[in-house]
Amino acid sequence: MSLQPSFTANPPAKPGMPAMANDALDIRNLCFRYGNTTALNDINVSISPGESVILLGPNGAGKTTLFSLICGLFAADSGSILIDGRSLLKRADALAPLGIVFQSQTLDLDLSVEQNLMYFCALQGIARKEARARITTALQRMDLSKRANDKIRTLNGGHRRRVEIIRATLHAPRILLLDEPTVGLDIPTRTELIRYLHELPERHGCAVLWATHLTDEVHDTDRVLMLHNGELQLDGSLDQLRRSTNTSSIEGMMQHVISQ
């Protein structure tokens with residue numbers, strides 16, 4: 001099986017064409033508290049179209065809270081979040097350029113693969129003819145064409161995850177959020193999905209923000225963000241972080257952050 005990226009978001013500009021001005025995601029001075037506990041403190045992150053960004057941090061670091069704020073599930077105490085230049089506080093359509101794959105399954109088990117995907121397209125305002133064309137292409141590239149009419153509950157974990165990734169990309173998002181997308185998958189499926197997800201930014205210009213605790217999912221070309229105690233402790237390429245922490249392994253970087 002060879003998975004091929006199934007959508008075109010905003011590919012890199014051709015020679016002579018102006019580059020897009022907006023960051024895919026722009027977070028400024030973001031703070032959030034649970035009661036008296038500070039979950040996130042003064043987070044500042046900008047992610048450009050085409051960037052692959054890995055979000056790391058120990059349990060309780062603030063990764064889930066950050067994703068919940070970006071998705072609009074929580075409202076920040078202070079600061080701002082802009083998605084493709086759209087403010088969550090000021091625009092009702094701010095989440096439109098966002099694709100999301102949650103760690104927990106969110107598919108309807110009693111609908112077929114195609115029904116789940118058609119329903120999502122309808123919510124996104126994609127016309128039925130266009131939706132069917134996109135779904136057909138995506139299922140072919142994800143090697144799921146023969147499963148189109150199967151109910152989700154009959155699929156294994158790897159197939160369900162592929163359907164969720166297809167769903168998250170059908171509307172050509174500017175940024176794709178991935179929350180532990182490979183947890184629980186068998187090794188061959190996990191390996192193929194890691195490769196597939198890393199190809200999306202380069203091929204189609206979308207940004208990817210990928211939360212994981214599995215360090216082997218980080219590639220040398222990725223930008224790494226590391227949270228600890230609600231603060232952004234590290235931000236850079238692996239080479240930059242190796243130099244700044246004087247350690248060669250991601251586990252060593254994590255320990256360096258925790259020990260500060």
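Residues numbered from 1 in each chain as written. Predicted model: local features only at pLDDT ≥ 70, side-chain atom pairs only at ≥ 80, totals over all residues. Heavy atoms only, no water.

(A) How the structure looks around the sheet that holds strand E1 (residues 25–34). The four strands lie next to each other as E2-E1-E4-E5, forming an open sheet whose pairing is antiparallel. Here the strands that pair on one side only, and so sit at the sheet edges, are strand E2 (37–47) and strand E5 (86–87). Strand direction decides the pairing type here: strand E4 (residues 78–83) and E5, joined by two bridges, are antiparallel. Bridge assignment links isoleucine 83 to a residue of E5, and that residue is arginine 86. (Pairing = 2+ DSSP bridges. Helix = DSSP H or I, 4+ residues; strand = E, 2+ residues; numbered from the N terminus.)

(B) The sheet that holds strand E10 (residues 231–237), seen in detail. Overall, mixed pairing links the six strands, which are arranged E6-E7-E8-E3-E9-E10 in an open sheet. In the strand order of this sheet, the two ends are held by strand E6 (98–101) and E10, each with one partner. Strand-to-strand twist across the sheet, computed as the mean angle between neighbouring axes with direction ignored, equals 15°. Bridging between strand E9 (residues 223–228) and E10 involves six bridges; their strand directions are antiparallel. Looking at E10, one finds that leucine 227 is bridged to leucine 232. (Axes fitted to C-alpha atoms, helices over the stretch in contact; angles between N-to-C directions.)

(C) Representation of the side chain of arginine 223 within the structure. Tracing the sequence through the fold places arginine 223 in strand E9. Setting aside residues up to four positions removed in sequence, arginine 223 forms contacts with Val45, Ser46, Ile47, Glu51, Ser52, Val53, Ile54, Asp235 and Gly236. (Contact = heavy atoms within 4.5 Å.)

(D) Helix H4 (residues 157–169), seen in detail. Over its 13 residues, H4 runs 19 Å from end to end, which matches the ideal 18 Å to within 8%, given 1.5 Å per residue. Where burial is concerned, most of H4 is hidden: twelve out of the 13 residues are buried. Within H4, the full set of buried residues consists of Gly158, His159, Arg160, Arg161, Arg162, Val163, Glu164, Ile165, Ile166, Arg167, Ala168 and Thr169. On its buried face, H4 sits against E6, helix H2 (113–123), helix H3 (128–141), strand E7 (175–179) and helix H5 (187–204). Two or three places before glycine 158, at the opening of H4, asparagine 156 has a side-chain oxygen 3.2 Å from that residue's backbone nitrogen. (Expected span 1.5 Å × (residues − 1). Buried < 20%, exposed > 50% of the residue type's maximum accessible area, 1.4 Å probe, protein only. Polar contact = N/O pair within 3.5 Å; in protein donor to acceptor, adjacent residues only side chain to side chain.)

(E) View of H2. Those residues of H2 that fall on the buried side of the exposure criterion are Val113, Asn116, Leu117, Met118, Phe120 and Cys121. Buried-residue contacts for H2 involve H3 and H4. In the stretch just after H2, glycine 125 is the one whose phi turns positive, near 75°.

(F) Molecular detail of the packing of aromatic side chains. Applying the stated criterion across every chain, the model contains three aromatic pairs. When the centroid spacing of 4.9 Å and the interplanar angle of 85° are considered together, the rings of phenylalanine 32 and tyrosine 34 count as edge-to-face. Judged by its relative accessible area of 40%, tyrosine 34 is partly exposed. Ring geometry for phenylalanine 32 against phenylalanine 74: centres 5.4 Å apart, planes inclined by 5°, an arrangement best described as stacked. Residue phenylalanine 32 is located in strand E1, and its partner phenylalanine 74 is located in the loop between helix H1 (63–70) and E4; the two are separated by 42 residues in the primary sequence. The exposure class of phenylalanine 74 is partly exposed, given its relative accessible area of 34%. Aromatic rings pair up to connect Phe32, Tyr34 and Phe74 into one cluster. (Phe/Tyr/Trp six-rings, centres within 6.5 Å; stacked < 30°, edge-to-face > 60°.)

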